[in-house]
Amino acid sequence: MSGQPPGVETYTPREFHRQAHDALGNPQIRANFRKAMDGLMSKRRDSFDDWDLETLRELGANIRLRALARLPDLLEQLEANCEANGIRVHWAEDGEEACRIVREICESHGARSVIKGKSMVSEEMHLNAHLEEAGIEALESDLGEYLVQLNQQTPSHIIMPAIHLNTDEISEILHDKTGTERTRDVDYMTAAARQQLRERFMAADVGVSGVNFAVAETGTLCLVENEGNGRMTTTVPPVHVAVTGIEKVVEQLRDVPPLYALLTRSATGQHVTTYFNMISSPRKEGEHDGPKEVHLVLVDNGRSNIYQDDELLDTLRCIRCGACMNHCPVYTRVGGHTYGTTYPGPIGSILSPHLMGLEETKDLPTASSLCGACGEVCPVKIPIPDLLVRLRKESVGEGRGNVPGAGIKRTRKEVAAWKGFQWLATHPAVWRSGTSVAGKLRALTPARLGPWTDYRTAPKPAGTTLHALVKRHQSSKTHQEER
Amino acid sequence: MSARDTILKRLRERADGPLTAPECDFAVVTNRGWSQEERLARFERWITSVHGEVVHVDQARWTEALAGVLADKGVRRLALGKQHPVAVEARSALADVDVELVGVDRDIEQWQREQFERVEAGLTSTRGAIAETGSLWLWPTPDEPRLISLVPPLHIAVLDADTVEDTLFDVVEAHAWAGGMPTNALLISGPSKTANIEQTLAYGVHGPRELVVIVRHAGEPPKATR
Ligand code: SF4
């Protein structure tokens, strides 16, 4: 799925370079991200102080690998246990089907208003736009998402959706859209949003949430949050619909504590979030609150394709902590919107090509300096740099062709150039005469070589080849020894 | 073929063949070996670091502490259960105090607006706590429904000192959670908060602004933690 919902500020991965250029020229964006990411990096570091981090990461990676190794069985077990608990389970092959399922659940209740907890999968499937087309209003309840929605934007970070906005900008948005006072008082703004959203929680017909971990063993949906909006969303409206990617399943309840420890610390440097909400059934006989119906929508949307390939599969281990983006020198400078995708930063650069195809996202795997920071901080040890290289190869038609749009960047000119180079490099006599001619004609080398020279000096062949230099050096050494 | 069958088929017939599941060693999330005092101290350190308040009391006098908290915070309407010993004791102790006790044994549909707008505090028991993260664990019941720890601006939680355990893993294992999960199991670690406005922490965004934990000790509370 590509593009953004109508009415929302438009960014597209096709325009990555232009958007990056714009972002780099926007001091506000750069300052907002720089400040936020610096803080998050140091908080993450401190939060693991008391831990044997490597052992914990190893455990996290193994838990995720084990779940993936048994994925089809676990999904069936999850479904059976959820159903036994009274949760209705639905399967969707793509975002469109998932949207239709959610809409139909809403329509079956005559719902006009939906309140939403944070869910990246619902962003990925553009659920809000879909519901709105059907005349159902979907309102985000996470404060960051709410602000971004009021501002007709999409989130710029998977954990902190409004990280690109500073206090003054947020004050202006709230003033413009909801009539609050212009202020820099964060408590005042928070209290205003609390008031506005409490009414909406009470009025909502359906609550939609994401899922952080779905436990096959018990049919439990786990939700991690600080604000309480997730608890409100999943408790106050009479119907709760949880939407999740099929890869979020874990085998047992005991798998959850290590992943939760890794998630909160990696994401925001918190040792724990305010709420950890585990839902295993709708309201039972005799209980006085909670939704009377709970639905779980399992969304594939390209994930089962990633699953086919031993190397690419690692992408599915992700627990969506956002640490890779917080530590990425590219993300930190250009911000999340530049990527034009639901998932920005390093994880987005390896996930989006699968979800949207390389035709749309061919530049994303190159949005990295391959410095390795993302792989180093990833709590479940996803080798992100290796995957970026693999996708770069896929994009020029050198991988296994397992990614939609593989080969999109392959150009005849480049292929011919490399073939020519290969031939030259394997024919010593031609290579030698060729390099010596190039050296003599060095004055004619063009000063510009396309975009490559936008930020670099064009290379010039050396006047004397290395080969000739070595030869000269050796002969002068022999000469000296003879003397 | 249904979406379900297509997805499962694709996963089962994986192009690169079956995967091997690695072993998982959970030692890193258990065996902290903390004493009871250390546990309590850690619990208190963490929960107060995120704005939670802790009051230590002798088990026999905990309702006095509760009355004190209500008076300090100016609470006039308190929502609480009727059957749990915590609720029973609180009700009898507060009978003569000028605080309206709001029953929660009715379906939320009948009193949603009242709960959202008029209740000033919710009192709940807890099943235990986690030292490593300063978290309370609650399994809401018909007597103490889910929303009373969420909707009122003040949540007062009653915790027995000897129910603090080391880690979440230990709690899940020791209490065999996997054997039967409730409708909703909760960890609560402080009052509701957000950092969504330029990373500035603000409390009480959707849930309670304040969380007070009354820790009941069998006998005099230890001096160090009092
Ligand atoms: S790839 Fe790793 S670091 Fe990035 S969001 Fe996923 S789990 Fe976190």
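Predicted, not measured: the structure shown is a model, and the values here were computed from it.

With that settled, consider the overall build of chain A. What chain A contains, in helices and strands, is 22 helices and 10 strands. Viewed in the frame of its principal axes, chain A has a C-alpha envelope of about 105 × 55 × 45 Å. The buried share of chain A, taken over its 483 residues, is 59%. Counting contacts in chain A only where the partners sit at least 6 residues apart, residues at least 24 apart contribute 72% of the total. Per element, the accessible surface of chain A, about 19500 Å² overall, is 52% carbon and sulfur. Considering chain A, the positive charge centre built from 56 side chains and the negative charge centre built from 63 side chains are found 10 Å apart.

In this section: helix H10 (residues 186-203) of chain A. Taking 1.5 Å of rise per residue, 18 residues should cover 26 Å, and H10(A) covers 26 Å from first to last C-alpha, within 8% of that figure. Of the residues flanking the start of H10(A), the one acting as N-cap is A:Asp185, its side-chain oxygen 2.9 Å from the backbone nitrogen of A:Asp187.

Taken together, the contacts link 98 residues of chain A with 79 residues of chain B. Summing both sides of the interface, chain A and chain B together bury roughly 7800 Å²; the carbon and sulfur share of this comes to 57%. Across the contact surface, chain A and chain B share 13 salt bridges. We note a salt bridge from B:Arg113 to A:Glu199, for which the minimum N-O separation is 3.0 Å. In this structure, the connection of chain A to chain B is made through 54 residue pairs in polar contact (both at pLDDT 80 or more). By residue class, the composition of the side of chain A that touches chain B is 42 nonpolar, 27 polar and 29 charged. Note: strand E9 (residues 275-279) of chain A against strand E9 (residues 184-188) of chain B, five bridges, orientation antiparallel. Residue pairing for E9(B): A:Phe276 is matched across the bridge by B:Leu187.

Describing two packed helices takes the angle between their axes plus the distance from one axis to the other. All names here are of chain A. Interhelical geometry of helix H3 (residues 53-69) versus helix H12 (residues 256-268) gives an angle of 120 degrees and a closest axis separation of 9 Å. When the interaxial angle is binned, H3 and H12 end up oblique. Two packed elements cross with a definite hand, and for H3 against H12 that hand is left-handed. Here Leu56, Arg57, Leu59, Gly60, Ile63 and Arg64 of H3 lie close against H12, whose contacting residues are Pro258, Leu259 and Leu262. Of the residues assigned to the contact of H3 with H12, the class counts are six nonpolar, one polar and two charged.

On to the nonpolar core, then. The biggest cluster of nonpolar side chains holds 130 residues, and the ones touching the most others in it are A:Phe213, A:Leu296 and B:Trp177. The dominant element in this core, judged by the number of residues it contributes, is H12(A), at seven residues. The contact partners of A:Leu296, leaving out residues within four places of it in the chain, are A:Leu78, A:Cys82, A:Ile87, A:Arg88, A:Val89, A:His90, A:Val211, A:Leu221, A:Ala242 and A:Thr244.

Each value, and the rule that gives it
Residues numbered from 1 in each chain as written. Chains lettered and ligands numbered in written order. Predicted model: local features only at pLDDT ≥ 70, side-chain atom pairs only at ≥ 80, totals over all residues. Heavy atoms only, no water. Helix = DSSP H or I, 4+ residues; strand = E, 2+ residues; numbered from the N terminus. Buried < 20%, exposed > 50% of the residue type's maximum accessible area, 1.4 Å probe, protein only. Contact = heavy atoms within 4.5 Å. Areas by Shrake-Rupley, 256 points an atom, 1.4 Å probe, with all protein chains shown as cover. Lys, Arg positive; Asp, Glu negative; His and termini not counted. Charge placed at Lys NZ, Arg CZ, Asp CG, Glu CD. Expected span 1.5 Å × (residues − 1). Polar contact = N/O pair within 3.5 Å; in protein donor to acceptor, adjacent residues only side chain to side chain. Buried area = accessible area lost by both parts, 1.4 Å probe. Salt bridge = Lys/Arg side-chain N within 4 Å of Asp/Glu carboxyl O. Nonpolar A, V, L, I, M, F, W, Y, C, P; charged D, E, K, R; others polar. Pairing = 2+ DSSP bridges. Axes fitted to C-alpha atoms, helices over the stretch in contact; angles between N-to-C directions. Parallel < 35°, antiparallel > 145°, perpendicular 65-115°, else oblique. Left-handed = near helix turned anticlockwise from the far one by under 90°. Core = buried A, V, L, I, M, F, W, Y, C linked by side-chain atoms within 4.5 Å.

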